[in-house]
Amino acid sequence: ALGPIYDRLATARLTVTMSPRGEIKTIGGHQELLGDLLKDNPLAAQVAGGGSENAARLNFAERFIVLSDKPVKPGDSWESEFNVDLKEVGMATGKRIFKYVGPDKVGEVITEKFTMTLVLSINIDIKANGAEIKGMLSAKDTSGTVQFDPELGRVVSMKSSYTFGGDINVSANGVSQVISTSQTQTV
């Protein structure tokens, strides 16, 4: 059920439009890329957050830094909040907290170093093929660093890690089962 999505994403060309601060405004071509695959495939639609542009923006935001709207000095922090309806999955709420560390280098490239922390919870509410899945999943043990090249205006290096999990209740054919899930992602 998921193979066609991964195949198509492997060769995808999308257009990401961002604000000068790094906020993702649009993802051009995402819905056109996946729309036909998700139409009659509820599992794939759930994995892709319903295939919505909002879900794509949330996913792509993990690969960029949102710069502060004010000048910063080492030690200053700011937040980028989100509240996204993940069609056919549930509601994702949270924020990314960035902190400016100061000037740094990656190899010979002069960078500005930032740390980031993710606060994320997803209220799962899935109904598909007579089954119902409900629960709350959240991120913990989150950390990350970003090396930003101010001359070129781009991320040079980004490392992040978090554990995502919680309890979900799966009901089908009159039977309910609580499942505890946990996964650690390192990017």
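All of the points below concern the structure found in this document. Computed from a predicted model, the values in this text were never measured in an experiment.

1. Regarding unusual backbone geometry
- Although it is not a glycine, Asp141 sits at a positive phi angle of roughly 50°.
- Along the chain, the position of Asp141 falls in strand 6 (residues 131–149).
- Of note in the backbone geometry, Asn173 takes a positive phi value of approximately 50° without being a glycine.
- With respect to the helices, strands and loops of the structure, Asn173 is situated in the loop between strand 7 (154–172) and strand 8 (175–186).

2. As for the packing of helix 1 (residues 3–10) against helix 2 (residues 30–38)
- Across the interface, helix 1 lies against helix 2 with an axial gap of 10 Å and an inter-helix angle of 165°. Judged by the inter-axis angle, helix 1 sits roughly antiparallel to helix 2. The hand of the helix 1/helix 2 crossing is right-handed. Together, Pro4, Ile5, Arg8 and Leu9 of helix 1 and Leu33, Leu34, Asp36, Leu37 and Leu38 of helix 2 make up the contact between the two elements.
- Tallied by class, residues from the contact of helix 1 with helix 2 come to 7 nonpolar, no polar and 2 charged.

3. Digging into the pairing of strand 6
- Across 12 bridges, the pairing between strand 5 (residues 109–128) and strand 6 is antiparallel. Paired with Lys127 across the strands is Glu132, a residue of strand 6.
- Direction of pairing for strand 6 relative to strand 7: antiparallel, over a ladder of 17 bridges. Residue pairing across strands places Gly135 opposite Ile168, the latter belonging to strand 7.
- The loop that links strand 6 with its antiparallel partner strand 7 comprises 4 residues; one of these, Gly153, has a positive phi angle of about 70°.

4. Observations regarding helix 4 (residues 53–61)
- Of the positions making up helix 4, those classed as buried are Ala55, Ala56, Leu58 and Ala61.
- In this fold, the buried residues of helix 4 make contact with strand 2 (24–28), helix 2, strand 3 (77–86) and strand 4 (90–106).

5. Details of the pattern of salt bridges
- Summed over the entire model, instances satisfying the criterion amount to 7 salt bridges.
- Salt-bridge contacts for Arg21 lead to Glu23; the nearest nitrogen and oxygen are separated by 3.4 Å.
- With a relative accessible area of 27%, Arg21 lands in the partly exposed category.
- Taking the shortest distance from any N to any O, the salt bridge between Asp125 and Lys134 comes out at 2.9 Å.
- A relative accessible area of 35% places Asp125 in the partly exposed class.
- You can call Lys134 partly exposed: its relative accessible area is 34%.
- One continuous salt-bridge network, built from bridges that share partners, spans Arg21, Glu23 and Lys25.

6. A short note on the packing of aromatic side chains
- Considering all chains together, one arrives at 3 aromatic pairs under this definition.
- Measuring from ring centre to ring centre gives 5.3 Å for Tyr100 and Phe114, while their planes differ by 45°; the resulting arrangement is tilted. Here Tyr100 is found in strand 4, whereas its partner Phe114 is found in strand 5, with 14 residues between them in sequence.
- The exposure class assigned to Phe114 is buried, which follows from its relative accessible area of 5%.

About the criteria used
- Residues numbered from 1 in each chain as written.
- Predicted model: local features only at pLDDT ≥ 70, side-chain atom pairs only at ≥ 80, totals over all residues.
- Heavy atoms only, no water.
- Helix = DSSP H or I, 4+ residues; strand = E, 2+ residues; numbered from the N terminus.
- Axes fitted to C-alpha atoms, helices over the stretch in contact; angles between N-to-C directions.
- Parallel < 35°, antiparallel > 145°, perpendicular 65-115°, else oblique.
- Left-handed = near helix turned anticlockwise from the far one by under 90°.
- Contact = heavy atoms within 4.5 Å.
- Nonpolar A, V, L, I, M, F, W, Y, C, P; charged D, E, K, R; others polar.
- Pairing = 2+ DSSP bridges.
- Buried < 20%, exposed > 50% of the residue type's maximum accessible area, 1.4 Å probe, protein only.
- Salt bridge = Lys/Arg side-chain N within 4 Å of Asp/Glu carboxyl O.
- Phe/Tyr/Trp six-rings, centres within 6.5 Å; stacked < 30°, edge-to-face > 60°.

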